[in-house]
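# Descriptive structure summary
One-letter residues, chain by chain:
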Amino acid sequence: MMKMLHYKECRDRWGVAMPTCSENAFCASLPEDARAKLCQGCSRQLLKAGSFRLYESFNREVSVIIDGVICGSQGFEESADGNVAADPQFALNFPGRPLSLDVTFFGRDLMAGMSQAYDNMVCLTDCYVATFSHDVFRELFESDARFARCVMQMTLLSAGDAICLSALLRGESVYQKVLLLMRRLLEFDLHLTRHDVANVLACNRTSVSRAFARVERERPELFARYMANKGRSVKCDMGRGQAGCVR
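Residues numbered from 1 in each chain as written. Predicted model: local features only at pLDDT ≥ 70, side-chain atom pairs only at ≥ 80, totals over all residues. Heavy atoms only, no water.

### Focus on the overall build of the chain
Along the backbone of the chain there are 12 helices and 11 strands. Counting every position in the chain, which comprises 247 residues, the buried fraction comes to 46%. Look at the contacts in the chain between residues 6 or more apart in sequence, and 80% of them connect residues 24 or more apart. (Helix = DSSP H or I, 4+ residues; strand = E, 2+ residues; numbered from the N terminus. Buried < 20%, exposed > 50% of the residue type's maximum accessible area, 1.4 Å probe, protein only. Contact = heavy atoms within 4.5 Å.)

### Overview of the nonpolar core
Counting residues in hydrophobic clusters, the biggest one holds 29 residues, and the most contacted among them are L92 and V197. Listing elements by their share of this core, those giving two or more residues are α8 (145-169), α9 (174-186), α10 (194-201), α11 (205-218) and α12 (220-228). For this core, the element with the highest residue contribution is α9, accounting for 7 residues. Once residues within four sequence positions are removed from consideration, V197 is found in contact with V178, L181, L192, V208, F212 and Y226. (Core = buried A, V, L, I, M, F, W, Y, C linked by side-chain atoms within 4.5 Å.)

### Thoughts on the environment of D102
Within the fold, D102 resides in helix α5 (residues 101-106). The sequence separation of D102 and V62 amounts to 40 residues, and the corresponding C-alpha distance is 9.3 Å.

### Quick notes on the pattern of salt bridges
Counted by the stated rule, this structure contains 8 salt bridges. Two residues, D161 and R97, come together in a salt bridge whose shortest N-O distance is 2.8 Å. Linking D161 in helix α8 with R97 in the loop between β7 (89-93) and β8 (98-99), this pair joins segments that are 64 residues apart in sequence. Its relative accessible area of 6% is what places D161 among the buried residues. Under the relative-accessibility criterion, R97 is labelled buried at 6%. (Salt bridge = Lys/Arg side-chain N within 4 Å of Asp/Glu carboxyl O.)

### A closer look at the pairing of strand β1 (residues 43-47)
Most of β1 sits out of view: 4 of its 5 residues are buried. Bridging between β1 and strand β10 (residues 127-132) involves 5 bridges; their strand directions are antiparallel. Note on β10: the bridge partner recorded for L47 is C127. (Pairing = 2+ DSSP bridges.)

### Observations concerning the packing of α11 against α12
Any two packed helices are characterised by how steeply their axes cross, that is the angle between the axes, and by the distance between the axes. As a packed pair, α11 and α12 sit with axes 5 Å apart at the nearest point and diverge in direction by 120°. Regarding the angle of α11 to α12, the classification is oblique. Together, F212, V215, E216, R217 and E218 of α11 and P220, L222, F223 and Y226 of α12 make up the contact between the two elements. Here the residues of the contact of α11 with α12 sort into 6 nonpolar, no polar and 3 charged. (Axes fitted to C-alpha atoms, helices over the stretch in contact; angles between N-to-C directions. Parallel < 35°, antiparallel > 145°, perpendicular 65-115°, else oblique. Nonpolar A, V, L, I, M, F, W, Y, C, P; charged D, E, K, R; others polar.)

### A few points about the packing of aromatic side chains
Inspection of every chain in the model, using the stated rule, returns 7 aromatic pairs. Ring centres of F26 and F137 lie 5.9 Å apart, and the angle between their planes is 20°; this geometry places the pair in the stacked category. Separated by 111 residues along the polypeptide, F26 in helix α2 (residues 25-28) and F137 in helix α7 (residues 134-143) bring together distant segments of the chain. You can call F26 buried: its relative accessible area is 0%. What makes F137 buried here is its relative accessible area of 0%. Among the aromatic residues, those joined into a ring-pair cluster are F26, F132, F137 and F147. Against the face of F94 rests R184, its NZ or CZ located 5.1 Å from the ring centre. Positioned above the aromatic ring of Y175, the side-chain terminus of R214 is 3.8 Å from the ring centre. (Phe/Tyr/Trp six-rings, centres within 6.5 Å; stacked < 30°, edge-to-face > 60°. Lys NZ or Arg CZ within 6 Å of the ring centre and 35° of its normal.)

What follows is the structure in structure tokens.
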């Protein structure tokens with residue numbers, strides 16, 4: 001059962017740092033008046049690494065990752081005639097990227113009949129997530145051109161994330177894949193274990209461990225920066241008392 005923890009419990013249990021959530025790439029890019037409207041209905045959660053949530057739960061509201069990385073995946077689906085109805089999908093969702101905008105703009109009824117939604121969303125690290133009402137988000141998008149521009153910019157960045165991941169997975173060697181993923185994670189001060197890196201890259205753990213060792217030998221500065229993020233507490237502002245933490 002998920003237990004909701006208050007700010008003080010989060011701080012005492014996990015040593016959470018306390019900057020403002022407006023420091024994330026999405027909220028920080030918004031006009032001040034639009035950010036103020038969003039903040040009025042903002043709800044925040046701290047999700048522990050390994051937390052599993054159905055994509056449907058994210059679709060109840062617009063979610064924005066403040067800190068951390070969430071993996072979304074979808075397997076093969078077969079139609080009644082035995083053919084593949086949907087291709088497998090895999091995505092890494094980084095800080096500042098709004099999730100579940102499909103429901104915001106297409107509506108729950110339409111999206112409920114589509115097979116593209118991810119089967120599940122898994123936190124690869126501790127994740128701090130802000131959620132907003134689809135109605136408020138859509139109203140701001142339609143009434144404020146500056147807000148709409150910021151949403152479109154982040155949507156394009158999400159598309160760029162998918163392109164980068166696709167290119168990364170086509171790397172010529174495990175070493176190249178590991179190196180590129182490390183660089184990508186460093187852009188957000190994130191760290192994944194070798195086990196998670198192996199899963200993300202679809203490589204065996206032994207090969208990933210050898211690649212880590214090679215990065216440490218040949219690019220010690222980059223390796224040191226990456227390892228410095230190991231065990232880092234997520235950036236989290238629970239000061240307003242609206243947030244909950246999911247274990």
